Amino acid sequence: MGFSAAELPPPLSLIAIFAIIIVYMVICYLVLDLIDQQQGDTNDEISRASGLSVEELKEISCFYIKGQANSTCAICLDILWDAELCRNFPTCNHVFHAQCIDPWLAKKPTCPTCRTPFRPQFSFLQ
């Protein structure tokens, strides 16, 4: 039971069908990519808006550890060693490596250890 030449579609119509399918797939891909880019932009704006600015990061005290501290950085889980640059979270006084806490606070304005929100300490002259 073979197929005769009259039963098979002409080559031109096969090419047209494949071309339509390929164009449809390309359009679907472009639409999905556009939607993903728009959602990514929204997520970036939300994360930038929720983190601390550069000015707020500068308000957090920076210091060098003297001797080995009895604590570890809750972000990288490494011990705080002598002469390492650290930051003291102002509201709860937890200490972290400066290079660890800065990216964290740029995304989330809370202490990584106790989740206390960052509140800048203002000093008012009386």
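About the cut-offs
- Residues numbered from 1 in each chain as written.
- Predicted model: local features only at pLDDT ≥ 70, side-chain atom pairs only at ≥ 80, totals over all residues.
- Heavy atoms only, no water.
- Pairing = 2+ DSSP bridges.
- Helix = DSSP H or I, 4+ residues; strand = E, 2+ residues; numbered from the N terminus.
- Core = buried A, V, L, I, M, F, W, Y, C linked by side-chain atoms within 4.5 Å.
- Buried < 20%, exposed > 50% of the residue type's maximum accessible area, 1.4 Å probe, protein only.
- Contact = heavy atoms within 4.5 Å.
- Arc of directions from axis to C-beta.
- Polar contact = N/O pair within 3.5 Å; in protein donor to acceptor, adjacent residues only side chain to side chain.

Engineer: Tell me about the pairing of strand β2 (residues 85-88), and name the residues and values.
Structural biologist: Sheet topology note: the strand β1 (residues 62-64)/β2 ladder contains 3 bridges and is antiparallel. Its bridge partner lying in β2, C62 is registered against R87. Bridge analysis of β2 against strand β3 (residues 95-97) gives 3 bridges, and the strand direction is antiparallel. The residue of β3 that forms the bridge with C86 is H97. Where β2 folds back onto β3 in an antiparallel hairpin, the turn is made up of 6 residues, including N93, whose phi is positive at roughly 65°.

Engineer: Could you give an account of the nonpolar core, with specific residues and numbers?
Structural biologist: For soluble globular proteins, the rule of thumb is that nonpolar side chains tend to be buried together. Counting residues in hydrophobic clusters, the biggest one holds 14 residues, and the most contacted among them are L52, I60, F89, F96 and L105. Here this core takes 3 residues from helix α3 (residues 98-107), the largest share from any one element. Other than its neighbours up to four places away in sequence, I60 contacts L52, R87, N88, P90, L105 and F118.

Engineer: Outline the environment of G51, supporting the account with residue identities and numerical values.
Structural biologist: As for its position among the elements, G51 is in the loop between α1 (11-50) and α2 (54-59). Distance in space between the C-alpha atoms of G51 and P103 is 9.2 Å, their sequence separation being 52 residues. In contact with G51, other than residues within four places in its own chain, are E56, L105, A106, K107, K108 and P109.

Engineer: Please provide a residue-by-residue account of the environment of N70, values included.
Structural biologist: Mapped onto the elements, N70 comes out in the loop between β1 and β2. Sequence-wise, N70 and L80 are 10 residues apart; in three dimensions their C-alpha atoms are separated by 7.6 Å.

Engineer: Describe α3, with residues and values.
Structural biologist: Taken as a whole, α3 has its buried residues at A98, C100, I101 and L105. The arc that holds the buried residues of α3, viewed along the axis, is 155°, so those residues lie on one side. Seen from the open side of α3, the exposed residues pointing more than 90 degrees away from its buried face are Q99 and K107. Of the surrounding secondary structure, the elements contacted by the buried residues of α3 are α2, β1, β2 and β3.

Engineer: Which residues make up the side chain of R87, and what are the values?
Structural biologist: With respect to the helices and strands, R87 occurs in strand β2. Residue class for R87 comes out buried when judged on its relative accessible area of 12%. In terms of polar contacts, R87 uses its side chain to reach the side chain of D102, at 2.6 Å. Dropping the residues within four chain positions of it, R87 is found in contact with L57, I60, S61, C62, F63, H94, V95, F96, A98, I101 and D102.

Engineer: Kindly report on unusual backbone geometry, identifying the contributing residues and their values.
Structural biologist: Notably, A83 is not glycine yet its phi reads approximately 65°, a positive angle. With relative accessibility at 52%, the residue A83 sits in the exposed group. The phi angle at R115 is positive, at roughly 65°, despite the residue not being glycine. Among the secondary structure elements, R115 is positioned in the segment after α3.

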